[in-house]
Amino acid sequence: MAEKPELIINGKRNDGRSSGDLRPIKIESNVIKNASGSAYIEWGKNKIIAAVYGPREALPKHTADPEKAVIKCRYSMAPFSSLEEHGRSGPNRRAIEISKVTKEVFENVVMLQDFPGSEINIYIEVLQSDGGTRAAGITAAAVAMASSGIPMTDLPYAVSAGKVGTEVILDLDKLEDNYSDADMPMAIAPIQNKILLLQMDGTLSREEIKRAVSMILKAGEAISKLQIAALKKPYEEISERYAKE
Ligand code: CDP
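Residues numbered from 1 in each chain as written. Predicted model: local features only at pLDDT ≥ 70, side-chain atom pairs only at ≥ 80, totals over all residues. Heavy atoms only, no water.

On inspection of all chains with the given rule, the structure shows one aromatic pair. Relative to Tyr 123, the ring of Tyr 53 lies with its centre 5.8 Å away and its plane at 75°, an arrangement referred to as edge-to-face. With Tyr 53 in strand β5 (residues 46–57) and Tyr 123 in strand β7 (residues 118–128), the pair connects residues that are 70 residues apart, well separated along the chain. The class of Tyr 123 is partly exposed, set by a relative accessible area of 28%. (Phe/Tyr/Trp six-rings, centres within 6.5 Å; stacked < 30°, edge-to-face > 60°. Helix = DSSP H or I, 4+ residues; strand = E, 2+ residues; numbered from the N terminus. Buried < 20%, exposed > 50% of the residue type's maximum accessible area, 1.4 Å probe, protein only.)

Okay, structure coming up:
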């Protein structure tokens, strides 16, 4: 690996952010015509589409659960999404892991018992990546799931926090991710106040974890607002149109 660059200079990160700042986030819902629900997210330089299909009959049949719906999730990076190789030989170990943890996030908020025998598919397609794609993908998939009308007990979001030297920072980009001393993505169910995903690369002390979690929860308020605004927008546009007619 190349020599470690200076990641924080005079309290500012390489893109000008302070330690607790998020990258700019834009979310749009209902972007894929044929999906039950969908969302597009730009999170810093990440560009990701999430699409939800279902509930529909679980196939092949042996994957069905007669008691509740099953969630199937596929996270995938487009071959052109980064400088690293993607897409030539099916999902790699990392894509399988991210698909699994994302599926587990949604198993905890979707009301699966309402749809026995069926499956709900979540597709997360990373078009451009710059660190934090699992968090951005989960955040977008939550909007896609909600826009599909599938009942959920909460609207999860995800974001990561980590450490550079002794500084705890929020929302690591790719450069920070590559050279950081720790990276801790978390997904949160804000209404239930529950942690749905917690992964950790590197080490953080108890105090550092507390700082990281409080940064994540504070940022989560802003992320939740963006998710809700994205969900409302198509309906606001319709009511504006009717108001004009
Ligand atoms: O994206 P996320 O931070 O959730 O996952 P990561 O495994 O920590 O990867 C960090 C970043 O490295 C990704 O967002 C991609 O930009 C890049 N990456 C890649 O392009 N190809 C890989 N096989 C792994 C990582």
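A few words on the sheet that holds strand β6 (residues 70–77). Ordered by their spatial adjacency, five strands build an open sheet running β3-β4-β5-β7-β6, and the pairing between neighbours is mixed. Strands at the two margins of the open sheet, each flanked by one partner only, are β3 (25–29) and β6. This sheet shows a mean twist of 15° between the axes of neighbouring strands, independent of strand direction. Relative to β7, β5 runs antiparallel, the two being bridged by nine bridges. Its bridge partner lying in β7, Ala 50 is registered against Ile 124. Those strands touched by helix α1 (residues 93–107) are β6 and β7, and its axis lies near 140° from that of β6. Strands in contact with helix α2 (residues 133–148) are β3, β4 (37–43), β5, β6 and β7; relative to β4, the strand with the most contacts, it is inclined by about 150°. (Pairing = 2+ DSSP bridges. Axes fitted to C-alpha atoms, helices over the stretch in contact; angles between N-to-C directions. Contact = heavy atoms within 4.5 Å.)

Mapped onto the elements of the fold, Lys 174 is located in helix α3 (residues 174–179). Under the relative-accessibility criterion, Lys 174 is labelled partly exposed at 30%. Taking the C-alpha atoms as reference points, Lys 174 and Gly 132, separated by 42 residues in sequence, lie 7.5 Å from one another. Ignoring sequence-local partners within four residues, the contact set of Lys 174 consists of Glu 84, Asp 130 and Gly 131.

Near the ligand you find 13 residues, and of these Ser 82, Arg 94, Gly 132, Thr 133 and Arg 134 are the closest. Contact distances for the ligand include 2.8 Å between an oxygen atom and a backbone N or O atom of Gly 131. One nitrogen or oxygen atom from the main chain of Gly 132 is found 2.7 Å from an oxygen atom belonging to the ligand. For the ligand, whose free accessible area comes to 490 Å², the fraction covered by protein is 87%. Among the cavities detected, the one that contains the ligand is the largest pocket. (Near = heavy atom within 4 Å. Polar contact = N/O pair within 3.5 Å; in protein donor to acceptor, adjacent residues only side chain to side chain. Areas by Shrake-Rupley, 256 points an atom, 1.4 Å probe, with all protein chains shown as cover. 1 Å grid on protein atoms, 1.4 Å probe; cavity = no way out; pocket = protein on both sides within 12 Å on 5 of 7 lines; lining within 4 Å. Sits in = over half its atoms within 2 Å of the grid points.)

Another aspect to go through is helix α4 (residues 206–244). In this model, α4 (39 residues) spans 56 Å end to end at C-alpha, consistent with the 57 Å of a helix rising 1.5 Å per residue. Of all the bends in α4, the greatest reaches close to 35° and is centred on Lys 233; the proline Pro 234 follows between one and four positions later. Within α4 the residues assigned to the buried category are Glu 208, Ala 212, Met 215, Ile 216, Ala 219, Gly 220, Ile 223, Ser 224, Gln 227, Ala 230, Leu 231 and Pro 234. Of the surrounding elements, those touching the buried residues of α4 are β3, β4, α2, β8 (157–164), β9 (167–170) and β10 (182–189). (Expected span 1.5 Å × (residues − 1). Bend = angle between axes of the 7 residues up to and from the residue.)

Taken together, Tyr 235, Ile 238 and Tyr 242 make up a surface patch of nonpolar side chains, about 360 Å² in accessible area. For Tyr 235, a relative accessible area of 53% gives the class exposed. (Patch = residues over 30% accessible without salt bridge, like charges linked within 9 Å, V, L, I, M, F, W, Y side chains within 5 Å. Salt bridge = Lys/Arg side-chain N within 4 Å of Asp/Glu carboxyl O.)

Attention shifts here to the environment of Ile 25. The topology assignment puts Ile 25 in strand β3. Distance from Ile 25 to Val 109, taken between C-alpha atoms, is 23 Å for residues 84 residues apart in sequence. With near-sequence residues (within four places) excluded, Ile 25 lies in contact with Ile 41, Glu 42, Trp 43, Ile 223 and Leu 226.

With the rule as written, the count across this model stands at 19 salt bridges. Between Asp 15 and Arg 17 there is a salt bridge, with its nearest N and O atoms 2.9 Å apart. Judged by its relative accessible area of 38%, Asp 15 is partly exposed. On the basis of relative accessible area, Arg 17 is assigned to the buried category, the value being 6%. Glu 208 is the partner of Lys 163 in a salt bridge, and the nearest nitrogen-oxygen pair spans 3.2 Å.

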